[in-house]
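Results of the structural survey
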There are 2 protein chains.
Amino acid sequence: MYTLYGNAISGNCWKPAFMLRQRRLPFRWVEIDILQGASRTPAFLAMNPNGRVPLLQLPDGRKLAESNAMLLHLGEGTHWLPQDAYDRAKVYEWLFFEQYSHEPAIATVRFWVARLNKGEEWREKIAATMVQGHAALGVMEQQLARTAFLAGETPTLADIALYAYTHVAGEGGYRLDGYPAVRGWLARFAAVPGFVAMPCTAAEDPS
Amino acid sequence: MYTLYGNAISGNCWKPAFMLRQRRLPFRWVEIDILQGASRTPAFLAMNPNGRVPLLQLPDGRKLAESNAMLLHLGEGTHWLPQDAYDRAKVYEWLFFEQYSHEPAIATVRFWVARLNKGEEWREKIAATMVQGHAALGVMEQQLARTAFLAGETPTLADIALYAYTHVAGEGGYRLDGYPAVRGWLARFAAVPGFVAMPCTAAEDPS
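As the structure is a computational prediction, the values presented were derived from the model and not from experiment.

Superposing chain B onto chain A requires a rotation of 180 degrees together with a translation of 0.0 Å along the rotation axis, leaving an RMSD of 0.0 Å. This pairing of chains is accounted for by a two-fold axis. The rotation axis passes nearest to the C-alpha of Tyr100(B) in chain B, at a distance of 3.0 Å. A shared binding surface is used by both copies, with 100% of the interface residues of chain B retained as interface residues in chain A.

Encoded structure:
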């Protein structure tokens, strides 16, 4: 069985949970309280020297870090990762865009405001970071005005990765009013077969 | 023929040039003067809405952004990208580590210091960012104390991605004295067959 070390409100941790559910792979969730430093203990650092969640333990015990590496690993051979070389490369492109241009602005502001409660104290830093976040949202808007999903007409890993923090951007104070195509895409993605909302900390829905 | 829009001193732009040379694929280099805003002109934004280099144009005219997406695209089917599912996932892991935890600290400080000449003025911001950079170097050191290359005993795309800015970290003021395994790896990587140093703006060595 897979073990997923994660934090329930983290979009990065939701990504592999979503894919495990899509693949119907059973997994155990281990909640890591990052605010209490639980991802920086000697025991955790022995598993992931970079001290971050999510961390995925495969059924054979081997470990994998980086949420988008997990998406690529778990998505291989599914309809979430195209076989065509160029289509596949465009998925890669969006995954790196997410980690470099989107997450550091959009997830970070949400964390500062909604978790650390620094909305007032860090007002200036937040405003500067939001410029980067809006640039990223603008790039998404341009693409989504042309195609139903980020890498084309069907959902891919790119949409999982970008949905993670875009759908909770408002918790950091981002307004999506100026991004009608992004809002339409959020609704479309939430309607994909087998969609599982965040938080997703169990291998099956309670029944 | 491929066209690579890049900036000669950018490590991110060196990555796809290195792989094109490895594959012996002819390419045309188009120098983009990012300090003069050449990656944010309407013409360039029409090619890459994210306004960044490198940008790769394939022989059929289609475009691809994100240096590590280019590495995965160009590396497919070569010895630089393992076929084994887990080995391959570890390469993905390092590629995302590079863009999230390494490049924003190490490439950024180099840019501030060596290109913008802000070493004194931004001293405080640089010191804070260097804490992140040393954390990233520490993660690499731990791995390279155990294996010859980042994802095992042979070089992969992970090494190309991390070599790009690690080997010029000193230009930003980083000292690698405390990272003997990283220094050994830098020398090892520079000796791989077909190694091409930065800058690499031509499809063949001048002869």
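Residue and element names in this part refer to chain B. As for its position among the elements, Ser-10 is in the loop between β1 (2-6) and α1 (11-22). For Ser-10, a relative accessible area of 9% gives the class buried. In sequence terms Ser-10 and Pro-206 are 196 residues apart; their C-alpha atoms lie 21 Å from each other. With residues near it in sequence (within four places) discarded, Ser-10 still touches Tyr-165 and Met-198. Within polar-contact distance, the side chain of Ser-10 engages the backbone nitrogen of Asn-12 at 3.2 Å. One polar contact links the side chain of Ser-10 to the main-chain amide nitrogen of Cys-13, over a distance of 3.0 Å.

Moving on, we come to unusual backbone geometry. Going from Val53(A) to Pro54(A), the amide bond is cis rather than trans, its omega being 5 degrees. Following the sequence through the fold, Pro54(A) ends up in the loop between α2 (42-47) and β3 (55-57). Not every positive phi belongs to a glycine, and Arg24(A) is a case in point at roughly 55 degrees. Look at Arg24(A) and you get exposed, because its relative accessible area is 75%. Phi angles above zero are rare outside glycine, and Asn117(B) is one such case at about 60 degrees. Inspection of the secondary structure assignment puts Asn117(B) in the loop between α4 (85-115) and α5 (123-144). For Asn117(B), a relative accessible area of 68% gives the class exposed.

Turning our eyes to something else, we now look at the side chain of Asn50(B). By the secondary structure assignment, Asn50(B) is in the loop between α2 (42-47) and β3 (55-57). Within the structure, the side chain of Asn50(B) is placed 3.2 Å from the side chain of Ser101(A), a separation counted as a polar contact. Once you skip the residues sitting within four places of it in the chain, Asn50(B) turns out to touch Phe97(A), Ser101(A), Val139(A) and Glu66(B).

With that out of the way, let us pick up the interface of chain B and chain A. Contact with chain B, which involves 31 residues of that partner, is made by 31 residues of chain A. Counting every contact that joins chain B to chain A gives zero salt bridges. Where chain B touches chain A, the interface holds ten residue pairs in polar contact (both at pLDDT 80 or more). Sorting the residues of the side of chain B that touches chain A by element identifies β4 (63-65), α3 (67-75), α4 and α5 of chain B as the ones contributing at least two each. Residue composition of the side of chain B that touches chain A, grouped by class: 16 nonpolar, six polar and nine charged.

Another point: α1(B). All names here are of chain B. When the terminal C-alpha atoms of α1 are compared, their 16 Å separation across twelve residues agrees well with the 16 Å that a helix rising 1.5 Å per residue should span. Extensive coverage of α1 is indicated by the burial of eleven of its twelve residues. Those residues of α1 that fall on the buried side of the exposure criterion are Gly-11, Asn-12, Cys-13, Trp-14, Lys-15, Pro-16, Ala-17, Phe-18, Met-19, Leu-20 and Arg-21. Residue Ser-10 occupies the N-cap position of α1, its side-chain oxygen lying 3.2 Å from the main-chain nitrogen of Asn-12. Following α1 by one or two positions, Arg-24 adopts a phi angle in the positive range, close to 55 degrees.

Basis of the calculations
Residues numbered from 1 in each chain as written. Chains lettered and ligands numbered in written order. Predicted model: local features only at pLDDT ≥ 70, side-chain atom pairs only at ≥ 80, totals over all residues. Heavy atoms only, no water. Least-squares fit on C-alpha atoms with pLDDT ≥ 70 in both. Contact = heavy atoms within 4.5 Å. Helix = DSSP H or I, 4+ residues; strand = E, 2+ residues; numbered from the N terminus. Buried < 20%, exposed > 50% of the residue type's maximum accessible area, 1.4 Å probe, protein only. Polar contact = N/O pair within 3.5 Å; in protein donor to acceptor, adjacent residues only side chain to side chain. Salt bridge = Lys/Arg side-chain N within 4 Å of Asp/Glu carboxyl O. Nonpolar A, V, L, I, M, F, W, Y, C, P; charged D, E, K, R; others polar. Expected span 1.5 Å × (residues − 1).

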